[in-house]
Amino acid sequence: MKQFVKLSEARILMFLDNAERRFKYAGFITHKLNIEYNFLILRLKEMRMKGWIQRVHTSNKVFYTVTTIAPMKAAKKVLENGSK
């Protein structure tokens, strides 16, 4: 099954794949990727519905991690083509 990955989703997936766990919360992601908070929350919700990411709750923060079914190869292709 071919999966369509948006540029914003690809940026988020690559960040979550490469960042340390302590930086994988929505506030830091918006700052680092220069994305509006509301837009990011909508994208994270869509990606959770697709099964690409999952939430990890701690005492006062929600962290996000990439699952094994996330289309990382497609995300890399989108980022390579989008930067040219």
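This text follows the structure it describes.
Here's a quick rundown of the structure. Not measured: the values here are computed from a predicted model.

About the cut-offs
- Residues numbered from 1 in each chain as written.
- Predicted model: local features only at pLDDT ≥ 70, side-chain atom pairs only at ≥ 80, totals over all residues.
- Heavy atoms only, no water.
- Helix = DSSP H or I, 4+ residues; strand = E, 2+ residues; numbered from the N terminus.
- Buried < 20%, exposed > 50% of the residue type's maximum accessible area, 1.4 Å probe, protein only.
- Areas by Shrake-Rupley, 256 points an atom, 1.4 Å probe, with all protein chains shown as cover.
- Lys, Arg positive; Asp, Glu negative; His and termini not counted.
- Charge placed at Lys NZ, Arg CZ, Asp CG, Glu CD.
- Polar contact = N/O pair within 3.5 Å; in protein donor to acceptor, adjacent residues only side chain to side chain.
- Contact = heavy atoms within 4.5 Å.

### Overview of the overall build of the chain
If you tally the helices and strands in the chain, you get 4 helices and 2 strands. Order of helices (α) and strands (β) in the chain, N terminus to C terminus: α-α-α-β-β-α. Overall, the C-alpha framework of the chain stretches about 40 × 25 × 20 Å when taken along its three principal axes. For the chain, the proportion of its 84 residues judged to be buried stands at 36%. Looking at the chain as shown, the accessible area adds up to about 5,800 Å², and 52% of this sits on carbon and sulfur atoms. In the chain, the 17 positive side-chain charges and the 6 negative ones have mean positions that sit 3 Å from each other.

### Details of the side chain of Lys 24
Along the chain, the position of Lys 24 falls in the loop between α1 (7-18) and α2 (26-33). Looking at Lys 24, its side chain comes within polar contact range of the main-chain oxygen of Leu 16, at 2.9 Å. If sequence neighbours within four positions are ignored, Lys 24 has contacts with Leu 16, Ala 19, Ile 29, Val 62, Phe 63 and Tyr 64.

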